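Understanding the architecture of this molecule
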Amino acid sequence: MNEPNRTRLSRRGFLGGVTGAALAALGASSPAVAQAPALRSRQGGLPPNIVLIVLDDLGWGELGSYGQQVIRTPVLDGLAAEGLRFTQAYANPSCAPTRASLLTGLHTGHARVKTNGDAADGLLPEDVTVGEVLRSAGYRTGHIGKWGLGPDTGVNPSHPNSQGFDYFFGYINQRHAHDYWPTYLWRNDEQVRYPENESANVTYATDLFTQEALDFIDRSQDGPFFLYLGYTTPHAPNEIPSDAPYSDEDWPQGERNHAAQITHTDAEIGRVLARLDELGLAEDTLVLVTSDNGPHEAGEAFEHVGSTLPHDPEFFDSNGPLRGIKFTVYEGGIRVPLIVRLPAALRASGAPTAASVVHDPVVVWDLLPTLAEVAGAQAPANLDGMSFVPALTGREQPSHEYLYWEHNGRNQAVRFGNWKAVRRNNRPVELYHLNKDIGELTDVAAEHLALVRKAESLLAAAVEGH
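As a starting point, this report considers the structure included with it. (Residues numbered from 1 in each chain as written. Predicted model: local features only at pLDDT ≥ 70, side-chain atom pairs only at ≥ 80, totals over all residues. Heavy atoms only, no water.)

What follows covers the nonpolar core. If you look at the biggest cluster of nonpolar residues, it comprises 63 residues, and the most contacted ones within it are Phe86, Phe226 and Leu288. When near neighbours in sequence (up to four residues on either side) are disregarded, Phe86 contacts Tyr66, Leu338, Val340, Val358, Asp360, Val362, Phe388, Ala391 and Leu392. Of all hydrophobic cores here, the second largest spans 49 residues; its members include Phe216, Ile217, Leu229 and Ile269. (Core = buried A, V, L, I, M, F, W, Y, C linked by side-chain atoms within 4.5 Å. Buried < 20%, exposed > 50% of the residue type's maximum accessible area, 1.4 Å probe, protein only. Contact = heavy atoms within 4.5 Å.)

So, on to the sheet that holds strand β15 (residues 430-433). Spatially, the 4 strands line up as an open sheet ordered β12-β13-β14-β15, and their pairing is antiparallel. With partners counted over all chains shown, the strands left at the sheet margins are β12 (403-407) and β15, one partner each. Ignoring which end each strand starts from, the neighbouring axes of this sheet average 15 degrees apart. Across 5 bridges, β12 lies against strand β13 (residues 411-416) in antiparallel orientation. Of the residues in β13, the one forming a bridge with His407 is Asn411. (Pairing = 2+ DSSP bridges. Helix = DSSP H or I, 4+ residues; strand = E, 2+ residues; numbered from the N terminus. Axes fitted to C-alpha atoms, helices over the stretch in contact; angles between N-to-C directions.)

A surface patch of negative charge is lined by Glu297, Asp312, Glu314 and Asp317. One can find Glu297 in the loop between β8 (285-291) and α7 (331-334). (Patch = residues over 30% accessible without salt bridge, like charges linked within 9 Å, V, L, I, M, F, W, Y side chains within 5 Å. Areas by Shrake-Rupley, 256 points an atom, 1.4 Å probe, with all protein chains shown as cover. Salt bridge = Lys/Arg side-chain N within 4 Å of Asp/Glu carboxyl O. Lys, Arg positive; Asp, Glu negative; His and termini not counted. Charge placed at Lys NZ, Arg CZ, Asp CG, Glu CD.)

Overall, the coordinates contain 1 cavity of 30 Å³ or more when judged by the stated rule. The volume enclosed by the largest cavity comes to roughly 80 Å³. In terms of lining residues, the largest cavity is bounded by Ala89, Tyr90, Ala91, Thr290, Ser291, Val336, Leu338, Val362, Val363, Val364, Leu367 and Phe388. Partitioning the lining of the largest cavity into residue classes produces 10 nonpolar, 2 polar and no charged. (1 Å grid on protein atoms, 1.4 Å probe; cavity = no way out; pocket = protein on both sides within 12 Å on 5 of 7 lines; lining within 4 Å. Points joined across faces, edges and corners; volume = space filled by probe spheres on them. Nonpolar A, V, L, I, M, F, W, Y, C, P; charged D, E, K, R; others polar.)

Attention now goes to the layout of surface pockets. Size it by volume and the second largest pocket reaches roughly 270 Å³. Every residue lining the second largest pocket is counted, 16 residues in all, and those nearest its centre are Pro361, Ser399, His400, Arg415 and Gly417.

For the rest of this paragraph, the subject is the environment of Asp56. Mapped onto the fold, Asp56 is located in the loop between β1 (49-55) and α2 (74-82). For Asp56, a relative accessible area of 0% puts it in the buried group. Among all residues touching Asp56, those that are not within four sequence positions of it are Cys95, Arg99, Lys146, Tyr231, Thr232, Thr233, Pro234, His235 and Asp292. Of note is the side chain of Asp56, whose polar atom sits 2.8 Å from the side chain of Lys146. (Polar contact = N/O pair within 3.5 Å; in protein donor to acceptor, adjacent residues only side chain to side chain.)

The subject of this paragraph is the pattern of salt bridges. Inspection of every chain in the model, using the stated rule, returns 18 salt bridges. Here Arg256 ties to Asp243 by a salt bridge, and the two come within 3.2 Å at their closest N and O atoms. Linking Arg256 in helix α6 (residues 253-278) with Asp243 in the loop between β7 (225-230) and α6, this pair joins segments that are 13 residues apart in sequence. Classification of Asp243 by relative accessible area gives buried; the value is 15%.

In this section: the packing of aromatic side chains. Under the defined criterion, the tally for this structure stands at 19 aromatic pairs. Measuring from centroid to centroid gives 6.4 Å for Tyr184 and Trp186, while their planes differ by 90 degrees, and the two rings are edge-to-face. Look at Tyr184 and you get buried, because its relative accessible area is 15%. Overall, Trp186 belongs to the buried group, its relative accessible area being 7%. One aromatic cluster is present, formed by Trp147, Phe165, Phe226 and Tyr228 through successive ring pairs. Its end group placed over the ring of Tyr66, Arg85 keeps NZ or CZ at 5.2 Å from the ring centre. Across the ring face of Trp405, the terminal group of Lys420 is positioned such that the distance to the ring centre comes to 5.9 Å. (Phe/Tyr/Trp six-rings, centres within 6.5 Å; stacked < 30°, edge-to-face > 60°. Lys NZ or Arg CZ within 6 Å of the ring centre and 35° of its normal.)

It is at 7 Å that the axes of α2 and α6 come closest, and there the two elements cross at 55 degrees. When the axis of α2 is compared with that of α6, the two are oblique. Together, Pro74, Val75, Leu76 and Leu79 of α2 and Asp266, Ala267, Ile269, Gly270 and Leu273 of α6 make up the contact between the two elements. Residue composition of the contact of α2 with α6, grouped by class: 7 nonpolar, 1 polar and 1 charged. (Parallel < 35°, antiparallel > 145°, perpendicular 65-115°, else oblique.)

Moving on to helix α5 (residues 205-220). For α5, which comprises 16 residues, the first-to-last C-alpha distance of 22 Å matches the rise-based estimate of 22 Å (1.5 Å per residue) to within 8%. Residues of α5 that are buried include every one of Ala205, Thr206, Leu208, Phe209, Thr210, Glu212, Ala213, Leu214, Phe216, Ile217 and Ser220, and no others. Residues of α5 that are buried make contact with β3 (140-146), β4 (167-171), β5 (184-187), β7 and α6. (Expected span 1.5 Å × (residues − 1).)

Pasting the structure below:
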């Protein structure tokens, strides 16, 4: 496949392309760099490959390894059994803000994209992304699946090829990604047509993404490579080629389809992991699987794609013990699964044993500095995120002063320690102690006025200039 020129340096004051000895020569006083450890895989001393898989609207309670009792996810449960399962991983309340935070290392108080409504504008040339950071360290970078940021055109500042990704295949536009049977997708700056989908549901996007991921791995196996694979399942509408293995269940069709979406995607991830094994890359590849927000409630019609099948997140207890769903700043809207399988280089650094559970809070804007550290790359200064490599390697994980979320400018939340404050529609602040009340059922604000004042101060500080 044709890929854009990989030698383009960053044009933003970010010291793109400077690694190794050149980075050391800059000296510790440089404010724009963060020194990274020399992690190396078995592949001729190269840094580990990285595969980051993001599902769309997968709830915290929709995997067996997170307590799901009905939906079958053997691949991801197996991955959790041989790797690390994070119990306090966070995204943003909706799709586009999560993807922007993932790419830029900024929370929604500082990121350009704060709501799904901002997705049409997307990123600008001055934004520095994880794709650019890793490419500057010599990685071949690919994004396959849902980009969801920027206009639906082949050339624009927010396009993946303009934001550090050598290769792209999938949906550029957030709204277009609702169509599981697309009549076209994008390969870099060119449309790939699927005329068979104009009159029937024939070619399913999820399966296309998996095959493209396999092809990218094949082309990049000499490494190092970074694959960001963004599946659109199980986002509404609940469409799937077959509702197996749930066809005989006495459930509403929307629920059979929703469960089948998750199980089908689990199997597709299994194909990606199998390819890493077949090519002898598993020991040299960091694999991370997560979700972009909490579970959805699809009772509304998706008229632009012709689907009206409803789904109730209570049917499968998709958020487990958590309160809220997608579009809320309660835990059910923002706490997501995160499963990590470590390469040998990180395991050798003293990582926890297989089937370990990590309780340190981590957030989606931590991914950029984390992956930069794994790659031995420099990260931009003044990020909201911090590396969680210590948590991956069994060391003490530094904690954030606070974690911040917002949705549509009217709902905010801040977590500091085990305290979580929520402000909805400019009403008085609610306060919850997450260790004692994971379901955020008991508002104790009236009993802790000093903590409420602290929360109000943090909520204000989080949206100040960056």
